[in-house]
Amino acid sequence: MNPKAVKRENRYANLIPMQEIKSVEQQLYPFDIYNSLRQEAPIRYDESRNCWDVFDYETVKYILKNPSLFSSKRAMEERQESILMMDPPKHTKLRNLVNKAFTPRAIQHLEGHIEEIADYLLDEVSSKEKFDIVEDFAGPLPIIVIAELLGVPIQDRALFKKYSDDLVSGAENNSDEAFAKMMQKRNEGVIFLQGYFKEIIAERQQNKQEDLISLLLEAEIDGEHLTEEEVLGFCILLLVAGNETTTNLITNGVRYMTEDVDVQNEVRRDISLVPNLVEETLRYYPPIQAIGRIAAEDVELGECKIKRGQQVISWAASANRDSAKFEWPDTFVVHRKTNPHVSFGFGIHFCLGAPLARMEGKIAFTKLLEKGGFSKVQNQSLKPIDSPFVFGVKKYEIAFNNA
C-alpha cells in the first residue's frame, strides 16, 4: 500500500501512538501518564496525530452520549460495514435488528456451556507447572464461544485469533511507512474474514441453523432484512470485539491478582465478590483505552474550539482514573459500591456484547480462583499488545501455587 493512500490528516488517530507513551514500560502501565495529561490539560490538541485528546470523565461521557455532535463515521475506512461506524438513523435500525438476535436472555442461556468450556480449558493445564493465561485460557474461551454463536468451525479459532489481533493492531510509530504497513495488515485481515464469512452466509441462506448468522439473516424490522454487507460487518465486529475485549479483561484481571495477592485471596475467600472484581478490572485495567469520534459540526469543549471534521479521541482509561468521579481512583477497590466506568463506552454505542463479556469474565475468574491461588511466573518479559487503544499483554505465564 502507498503510504500516501490515506492522507495524514484523515488517519484514525486511535491507531497512532501518543508521543508521551514510548517505552514498553509505559505501554504496560500508562496510567500515570494519563493522570499527568489530564491534570495538565484535560482537553488538548495533538498536532503529531492531528486530533483532539480528551482525558477527563465528564467530557468523555459528554462526547459519547452526543452522537449528533460527535459522529462515529470515520474518514478512513477499511473494507467493512460496521455498526460501530454508523450514526442514527441507520445505526438505530441496525441495532434494533441485531438486538432481536442477541438478547440478554439468549446470552444467559449460554452460562452453563461457558462454564463447561472453562472447566475443559483449565483441566488441560491442571498438570502443568506453568501455563500462559492468554494462549491456554483467556484467548480460547471467548473464541470458542463466539465460534459456536456464529456457527463456524471451532477448529478455525487459531485463524480467528490471528486476524482479530491484526484488526486491532496499531502503527509502530507515526511514520508513513509504519502506517502503511499497519493498514495493509488490517485490510488483508478484513478481506480474508469477509471471504470466510461469505461462504458461511451462503450456506446459511440455503440451510438455516441454530446459530447467530442464521438469526441475523432472518431478523427483520418494518419488513426489512439486513444486507449481506451488514451481516458481514457484524460478524467481523463480534469476532474482533468479543475476542479482544474478553481476552484482555480476563488476562488483565489475572495480571492484577498476581500483583495484589491480598485482593486475590479476599475474592477466593468470598466468591460473591467476583462480579465486583470484573467491574473493577474493567475500570482499573480497561481492555479498551480509547474511543474515537469525528466532530459533526464546529463545537466548543471547555475553552477549546473543535472544528467540523476533526478527530476527537476519548481516553476511557484516563476517565476511569478521574478523581473528580472516583474515590481512590488509582487504587483497586474490590468493594467499590458504584462503578460507572466507561470501558464499554456510553450512549447509543454502548458495547452490545457487554453482558457476554461480563459473564465470561465472571465465569473465568470464578473457575480460576476455585482451582486455588496462583502466581506470576518470575523472570518473564511482558510484551504489550501492538495497539495504542487496546490495553493488554501478548503473553502472561502463571502457576497454581499448589502445583
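The structure we're discussing is the one just above.
Residues numbered from 1 in each chain as written. Predicted model: local features only at pLDDT ≥ 70, side-chain atom pairs only at ≥ 80, totals over all residues. Heavy atoms only, no water.

Novice: Tell me what's going on with the sheet that holds strand β3 (residues 70–71), and back it up with residues and numbers.
Specialist: Taken together, the 5 strands give an open sheet; going across it, the order is β1-β2-β10-β7-β3, and neighbouring strands pair in mixed fashion. With one partner strand each, in any of the chains shown, β1 (43–46) and β3 form the two edges of the open sheet. Bridge analysis of β1 against strand β2 (residues 51–54) gives 4 bridges, and the strand direction is antiparallel. Each bridged residue has a counterpart across the sheet, and for Arg 44 the counterpart in β2 is Asp 53. (Pairing = 2+ DSSP bridges. Helix = DSSP H or I, 4+ residues; strand = E, 2+ residues; numbered from the N terminus.)

Novice: For the pattern of salt bridges, give the residues involved together with the corresponding values.
Specialist: Per the stated rule, a full pass over the model turns up 19 salt bridges. Between Arg 38 and Asp 322 there is a salt bridge, with the nearest N and O atoms lying 4.0 Å from each other. Remark: Asp 322 occurs in the loop between α15 (316–319) and α16 (354–371) and Arg 38 occurs in helix α2 (residues 31–40); sequence separation between them is 284 residues. Here Arg 38 and Asp 322 have matching classes, each one buried. For Arg 204, the salt bridge identified is with Asp 211, shortest N-O distance 2.6 Å. Salt bridges linked by common partners bring Glu 20, Arg 44, Asp 46, Arg 49 and Asp 53 together as one network. (Salt bridge = Lys/Arg side-chain N within 4 Å of Asp/Glu carboxyl O. Buried < 20%, exposed > 50% of the residue type's maximum accessible area, 1.4 Å probe, protein only.)

Novice: Before we move on, can you summarise the environment of Val 334 with the specific residues and values?
Specialist: Its place among the elements puts Val 334 in the loop between α15 and α16. Separated by 56 residues in sequence, Val 334 and Val 278 place their C-alpha atoms 9.0 Å apart. Not counting the four nearest positions on each side in its chain, Val 334 is found in contact with Glu 266, Val 267, Leu 273, Asn 276 and Leu 277. (Contact = heavy atoms within 4.5 Å.)

Novice: Please provide a residue-by-residue account of the nonpolar core, values included.
Specialist: Of all hydrophobic cores here, the largest spans 74 residues; its most connected members are Ile 133, Phe 137, Leu 277 and Leu 368. It is α16 that provides the largest number of residues to this core, a total of 9 residues. Once residues within four sequence positions are removed from consideration, Ile 133 is found in contact with Ala 138, Gly 139, Thr 251, Val 254, Leu 368, Tyr 396 and Ile 398. Leu 193, Leu 232, Leu 238 and Val 240 belong to the second-largest nonpolar core, a separate cluster that totals 28 residues. (Core = buried A, V, L, I, M, F, W, Y, C linked by side-chain atoms within 4.5 Å.)

Novice: Just give me the short version of the packing of aromatic side chains, but keep the residues and values in it.
Specialist: Counting across every chain of the model gives 19 aromatic pairs. Pairing Tyr 284 with Phe 332 gives two aromatic rings, centres 5.5 Å apart and planes at 75°, and the pair type is edge-to-face. Residue Tyr 284 is found in helix α14 (residues 274–284), and its partner Phe 332 is found in the loop between α15 and α16; the two are separated by 48 residues along the sequence. Pair check on accessibility: Tyr 284 and Phe 332 agree, each one buried. Joined through ring pairs, the aromatic side chains of Tyr 29, Phe 31, Tyr 34, Phe 55, Tyr 256, Tyr 284, Tyr 285, Trp 315, Phe 332 and Phe 391 make up one cluster. (Phe/Tyr/Trp six-rings, centres within 6.5 Å; stacked < 30°, edge-to-face > 60°.)

Novice: Describe the side chain of Thr 251, and please don't skip the residues or the numbers.
Specialist: Here Thr 251 is to be found in helix α12 (residues 228–259). Exposure remark for Thr 251: the relative accessible area of 0% places this residue in the buried category. Here Thr 247 takes part through its backbone oxygen, which lies 2.8 Å from a polar atom of the side chain of Thr 251. (Polar contact = N/O pair within 3.5 Å; in protein donor to acceptor, adjacent residues only side chain to side chain.)

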